Amino acid sequence: MADAIDFQLINAIQISPRISWAQLAGILQVDASTLSRRWQKMIDDRMLWTTCFYIEPKGPESKQKELTRPKRTAIVEVMCQPGRREDVIREVSQHRQISAVHCTSGSRDLYLTLMAADLISLDRLVDELGTSVPGITGTRTHHVRTFFQEGSSYRVGALSPAQARAVRETLPVNPRRAVPTQSYLDLIDAITDDVRRPASAVQQRLGKSLAAVSRGIDTLLAADWVRWRIDFANNLMGWEGSAMIWLSVNQSEMEKVAAALRLFPQLRMCASVTGGANLVASFWLRDLDELDDIEDKLTRVFTSIRIVDRWIVPRVAKRAGHIFDADGRWQGFVPMGLDAPVDD
């Protein structure tokens, strides 16, 4: 089981993914070699993994037509033949356009996070799943409209405000508004499965100078079209599981409800979707009783909200391209296709 220092370490890297151990040692008042050893142990125990990926810019950068990536994401419910769920998990987890695979409760056996260039491509992908993956008996698709929060924004919250501020101050300051280029995408690919890969190792992969690699990484850290994720086996580190609530919300209150949900430290993902429920939120729960408190507080403030459904997620088989065994430990990585959908 992880202790307070481990969670402080995770929290710090979530904020500043490339902070040096020497810098962090001064902030946490823990020896740099101890921090490095603890980090490596969590990775060696397959309890911790990291991801860096590109997302399609929404501003002027989106005019880079040659870098246009898939823009549509969907949450797809999957129903499986009895006894075939594990077969389906193994098959769909190898698909680059399926970034996440969750086991869940209710009328579905799994839910997947899918990405595609457009709605037609997304529909084709869902249809292919139903016809080409043995064991799937049905699907139901929820198209994502707007993400209000996704997994890369989640923070453990183990640092004090002063410590968190000190960690943020180690991030590079880049006043130039860089636009995504193929060179930056190549750099992202070089660290996509290890955000702390040494610059010297990245240099060897790309064949560029060490100075160019360092400058490029600093640019990525400051860019709003790059996401950095530091994830861990929450079910093995004190969390009982996760849950999703599907809400029916008046459109006029959508932004306010999303803002209220972001105040809950348990929130991992929140998005507006299509269907009978138009807002979905995912939470990491140390105890399932926390869901009662979340729902109570939310419905007291927003009396017009209707909770359409609740899904319990006892196990995650894949998240952000990383694949896990039945116990929740990391066991492999499938690079996500072109662009990464934001998920929980």
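Remember, it's a predicted structure, so these values are computed and weren't measured experimentally.

Parameters and conventions
- Residues numbered from 1 in each chain as written.
- Predicted model: local features only at pLDDT ≥ 70, side-chain atom pairs only at ≥ 80, totals over all residues.
- Heavy atoms only, no water.
- Helix = DSSP H or I, 4+ residues; strand = E, 2+ residues; numbered from the N terminus.
- Rg over C-alpha atoms; globule rule 2.2 N^0.38 Å.
- Buried < 20%, exposed > 50% of the residue type's maximum accessible area, 1.4 Å probe, protein only.
- Contact = heavy atoms within 4.5 Å.
- Areas by Shrake-Rupley, 256 points an atom, 1.4 Å probe, with all protein chains shown as cover.
- Patch = residues over 30% accessible without salt bridge, like charges linked within 9 Å, V, L, I, M, F, W, Y side chains within 5 Å.
- Salt bridge = Lys/Arg side-chain N within 4 Å of Asp/Glu carboxyl O.
- Lys, Arg positive; Asp, Glu negative; His and termini not counted.
- Charge placed at Lys NZ, Arg CZ, Asp CG, Glu CD.
- Pairing = 2+ DSSP bridges.

Trainee: Help me understand the overall build of the protein in this model?
Mentor: Scanning the protein from terminus to terminus reveals 11 helices and 13 strands. Over its C-alpha atoms the protein spans a radius of gyration of 20 Å, differing by no more than 12% from the 20 Å that the globule rule assigns to 344 residues. Overall, the C-alpha framework of the protein stretches about 50 × 45 × 45 Å when taken along its three principal axes. Looking at the protein as a whole, 53% of its 344 residues are labelled buried. If you take every contact in the protein between residues at least 6 apart in sequence, the share linking residues at least 24 apart comes to 75%. Per element, the accessible surface of the protein, about 15,400 Å² overall, is 49% carbon and sulfur.

Trainee: Before we go on, may I ask you to explain a negative patch on the surface in this structure?
Mentor: Judged by side-chain charge, E240, D287, D289 and D292 come together as a negatively charged surface patch. Mapped onto the elements of the fold, D289 is located in helix α11 (residues 289–301). The class for D289 is exposed, based on a relative accessible area of 54%.

Trainee: In this structure, what is going on with the pairing of strand β5 (residues 136–149)? I would like to understand it.
Mentor: Remember that side chains alternate between the two faces of the sheet whenever the strand is regular. Note: strand β2 (residues 72–80) against β5, 7 bridges, orientation antiparallel. Along β5, the bridge assignment pairs I75 with H142. The pairing of β5 with strand β8 (residues 267–273) spans 4 bridges and is antiparallel. Counted as the bridge partner of Q149 is C270 from β8.

Trainee: Whenever I open this one, unusual backbone geometry confuses me. Can you help?
Mentor: Negative phi is the rule for most residues except glycine; trans is the rule for most peptide bonds. A positive phi angle, near 60°, is found at R46, a position not held by glycine. Along the polypeptide, R46 turns up in the loop between α3 (32–44) and β1 (48–54). Classification of R46 by relative accessible area gives partly exposed; the value is 32%. Phi at A320 is positive, roughly 50°, even though this residue is not glycine. Secondary-structure assignment places A320 in the loop between β11 (315–319) and β12 (322–324).

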